[in-house]
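Each chain is listed here by its residues.
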Amino acid sequence: MQTAQAQDSLRSDARVKQRMLLNQFESDYVLTASERVALKQSRIAYQLRMKEILDTINISDSRRKRLIQELKRNPLSERVQTVIANHTVSKDDNIKQ
């Protein structure tokens, strides 16, 4: 029961316009409504993943809150990406050190 409600809420969050004005004139440039919903859901999933990564990084709470606000405003923020890149260590970096 709860999974059905969670799936319904995810679908309701990702609403898009069914018909766009551009579709009347240049239908080749417009994605279908289902494609736009899929893209929107992938952006939401990306934001949630970035938030999870920010929660695991060892930074101050105030900086984490500011970065999460930045992530809400701009999902592809350079500031958020640089902080994540600086604080996450790949396997190759561990081998070289």
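Calculation rules
Residues numbered from 1 in each chain as written. Predicted model: local features only at pLDDT ≥ 70, side-chain atom pairs only at ≥ 80, totals over all residues. Heavy atoms only, no water. Helix = DSSP H or I, 4+ residues; strand = E, 2+ residues; numbered from the N terminus. Expected span 1.5 Å × (residues − 1). Buried < 20%, exposed > 50% of the residue type's maximum accessible area, 1.4 Å probe, protein only. Arc of directions from axis to C-beta. Contact = heavy atoms within 4.5 Å. Axes fitted to C-alpha atoms, helices over the stretch in contact; angles between N-to-C directions. Parallel < 35°, antiparallel > 145°, perpendicular 65-115°, else oblique. Nonpolar A, V, L, I, M, F, W, Y, C, P; charged D, E, K, R; others polar. pLDDT = per-residue confidence, 0-100. Salt bridge = Lys/Arg side-chain N within 4 Å of Asp/Glu carboxyl O.

A. Up close: helix H4 (residues 61-73). Between the first and last C-alpha of H4 there are 18 Å, a value that for 13 residues agrees with the 18 Å anticipated at 1.5 Å per step. Every buried residue belonging to H4 is among Arg-64, Leu-67, Ile-68, Glu-70 and Leu-71, and all of these are buried. Take H4 and look down its axis: the buried residues cluster within an arc of 160°, on one side only. For H4, the exposed residues lying more than 90 degrees away from the buried face are Lys-65, Arg-66, Lys-72 and Arg-73. Those residues of H4 hidden inside the fold are in contact with helix H3 (33-56) and helix H5 (78-87).

B. Inspection of the packing of H4 against H5 at higher detail. Packing of H4 against H5 brings their axes to within 9 Å, and their N-to-C directions diverge by 135°. For the element pair H4 / H5, the angle class is oblique. Only Arg-79, Val-80, Val-83 and His-87 of H5 make contact with H4, whose side of the interface consists of Arg-63, Leu-67, Glu-70 and Leu-71. Residues belonging to the contact of H4 with H5 are distributed by class as follows: four nonpolar, one polar and three charged.

C. Quick peek at the confidence of the model for the protein. Overall, the predicted model of the protein reaches an average pLDDT of 77, with 61% of residues at or above 70. Considering each helix and strand of the protein separately, the mean pLDDT is smallest for helix H1 (residues 2-13), with a value of 52, and largest for H4, with 93.

D. Examining the pattern of salt bridges more closely. Taken as a whole and judged by the stated rule, the model has five salt bridges. In this structure, Asp-61 and Arg-64 form a salt bridge, with 3.0 Å as the shortest nitrogen-oxygen distance. Here Arg-64 and Asp-61 lie together in helix H4, a separation of three residues that amounts to about one turn. Arg-73 is the salt-bridge partner of Glu-70, the closest N and O atoms lying 3.4 Å from each other. Taken together, the positions of Glu-70 and Arg-73, both in helix H4 and three residues apart, correspond to about one turn of that helix. With relative accessibility at 13%, the residue Glu-70 sits in the buried group. Note on Arg-73: relative accessible area 62%, which makes it exposed. The structure contains a network of salt bridges with shared partners spanning Glu-70, Arg-73 and Arg-79.

E. Representation of the packing of H3 against H4 within the structure. Viewed as axis vectors pointing N to C, H3 and H4 meet at an angle of 170°, and their least axial separation amounts to 10 Å. If you check the angle between H3 and H4, you find them roughly antiparallel. Contacts from Gln-47, Met-50, Lys-51, Leu-54 and Asp-55 in H3 reach Arg-64, Leu-67, Ile-68, Leu-71 and Lys-72 in H4. Across the contact of H3 with H4, the residue classes tally to five nonpolar, one polar and four charged.

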